[in-house]
Amino acid sequence: MVDSKIKGSYKELKPIIGQYSKIIVTGPHGAGNKITTKVIAHDFDVKEIRGEYAWGLDDYYSEDGLITFHENNMKSSYVAFGPSQSGHLHRIIPYLEDVLVVFMYKDLNTIERYSERNPFVKNESHKYEWDVYRQMVMEDFPESAPYLRKSMEQLTYHIWENHQRELIPNWVEINHQSLEGHPLWISKEDRKEFKEWQTTF
């Protein structure tokens, strides 16, 4: 494999992404996880799946648990939409040895506004993710406890940049805006009336 621990635009990182048959797209909700998953599936003709099996830290082996997800897909080729996996990455490293983690970046204020206007993220996703992060931070990274008073988006980036990133075998960081110009890209102006999760007209 080529060195995959790198940041850049989607176009620059395509040769690296193409080296992997298993890819998880993650990061804060609203950072471009869904459209990036679709773009990668389109460009590399790989199956697009949901990787949202990250409900808690104590049910990894349940029927829809996170490790069950990875064990069931060990022989598969896929790109997984998995923003809720971000808080668990450092706990499942043995299952990431041949997986590329694509961590998405987008303007923080834009992401926070997205979360406020998306009732499912605000009232459902963040509800269980806050439980995950509170437990995980206190057990694994107690020195970062002050970030539990910040937004979920700030906390997600802090934990990734200061704790998780150095532990993950294979990762790239992509800025959402760098997808502009791709056939699946829709401008911010054209997206302003989109419903939650919508990525196409």
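Computed from a predicted structure; not experimentally measured.

A. Molecular detail of the overall build of the chain. Of the regular secondary structure elements, the chain holds 7 helices and 6 strands. The linear arrangement of helices and strands in the chain, starting from the amino end, is β-α-β-α-β-α-β-β-α-α-α-β-α. Per-residue burial for the chain yields a buried fraction of 53% across its 201 residues. Restricting to contacts in the chain with at least 6 residues of sequence separation, those with at least 24 account for 72%. Roughly 10000 Å² of accessible area belongs to the chain as shown, and the carbon and sulfur atoms make up 49% of that amount.

B. Spatial organisation of the sheet that holds strand S4 (residues 78-81). With parallel pairing, 6 strands are arranged side by side in an open sheet as S1-S6-S5-S2-S4-S3. Every other strand in the sheet has two partners, leaving strand S1 (6-8) and strand S3 (48-50) as the edge strands with one partner each. Going across the sheet, the axis of each strand differs from the next one's by a mean of 25 degrees, ignoring polarity. Strand direction decides the pairing type here: S1 and strand S6 (residues 171-175), joined by 3 bridges, are parallel.

C. A look at the side chain of Thr36. Relative to the helices and strands, Thr36 resides in helix H2 (residues 33-44). Assessed through its relative accessible area of 0%, Thr36 is described here as buried. Within the structure, the side chain of Thr36 is placed 2.7 Å from the backbone oxygen of Gly32, a separation counted as a polar contact. Not counting chain neighbours up to four residues away, the residues in contact with Thr36 comprise Val25, Val102, Met104 and Leu179.

D. Spatial organisation of helix H1 (residues 10-17). Among all positions of H1, only Tyr10, Leu13, Ile16 and Ile17 are buried. Down the axis of H1, the buried side of the element spans an arc of 100 degrees, and every buried residue falls inside it. More than 90 degrees from the buried face of H1, the exposed residues found are Lys11, Glu12 and Pro15.

E. Quick peek at the packing of H1 against H2. Closest axis-to-axis distance for the H1/H2 pair is 12 Å, and the angle between their directions is 60 degrees. Between H1 and H2, the crossing angle belongs to the class labelled oblique. Read as a crossing pair, H1 and H2 show a hand that is right-handed. Two secondary-structure elements touch here, H1 through Tyr10, Lys14 and Ile17 and H2 through Val39, Ile40, Asp43 and Phe44. Classifying every residue of the contact of H1 with H2 gives 5 nonpolar, no polar and 2 charged.

F. Here's a closer look at H2. Taking 1.5 Å as the rise per residue, H2 with 12 residues should run 16 Å; its terminal C-alpha atoms sit 16 Å apart, in good agreement. Along H2, the residues that are buried comprise Asn33, Lys34, Ile35, Thr36, Thr37, Val39, Ile40 and Ala41. Next to the buried residues of H2 lie H1, strand S2 (22-26), S3, S4 and strand S5 (100-105). Following H2 by one or two positions, Asp45 adopts a phi angle in the positive range, close to 50 degrees.

Parameters at a glance
- Along each chain, numbering runs from 1 in the same order as the chain's sequence is written.
- Totals for whole chains, interfaces and linings use all residues, but because this is a predicted model, local features are given only for residues with pLDDT of at least 70 and pairs of side-chain atoms are given and counted only at 80 or more.
- With hydrogens and water stripped out, all remaining heavy atoms of the structure feed into the side-chain values.
- By definition, any uninterrupted DSSP run of H or I lasting at least four residues is a helix, any uninterrupted run of E lasting at least two residues is a strand, and each is numbered from the N terminus.
- Remark: exposure states derive from per-residue accessible area (1.4 Å probe, protein chains only) relative to the maximum for the residue type, with buried under 20%, exposed over 50%, and partly exposed in between.
- Any two residues whose heavy atoms approach within 4.5 Å at even a single point are treated as in contact.
- Each accessible area is a Shrake-Rupley estimate made with a 1.4 Å probe; only the visible protein chains count as cover when residues are assessed.
- By definition, two strands form a pair when at least two bridges between them are found by DSSP.
- Only the contacting stretch of a helix is used when fitting its axis, a line to C-alpha atoms as for every element, and angles between N-to-C directions run 0 to 180 degrees.
- The definition of a polar contact used here is a pair of N or O atoms within 3.5 Å, where within protein one atom must be able to donate a hydrogen and the other to accept one, and adjacent residues in sequence count solely through side-chain atom pairs.
- When we speak of the arc, we mean the arc of directions from the helix axis to the C-beta atoms.
- What sets the label is the angle itself: under 35 degrees gives roughly parallel, over 145 gives roughly antiparallel, 65 to 115 gives roughly perpendicular, and the rest give oblique.
- In this scheme the crossing of two helices becomes right-handed for a clockwise turn of the near helix relative to the far one and left-handed for an anticlockwise turn of less than a right angle.
- Nonpolar residues are Ala, Val, Leu, Ile, Met, Phe, Trp, Tyr, Cys and Pro. Charged residues are Asp, Glu, Lys and Arg, and all others, Gly as well, are polar.
- One less than the number of residues in a helix, times 1.5 Å, gives the span that helix is expected to have.

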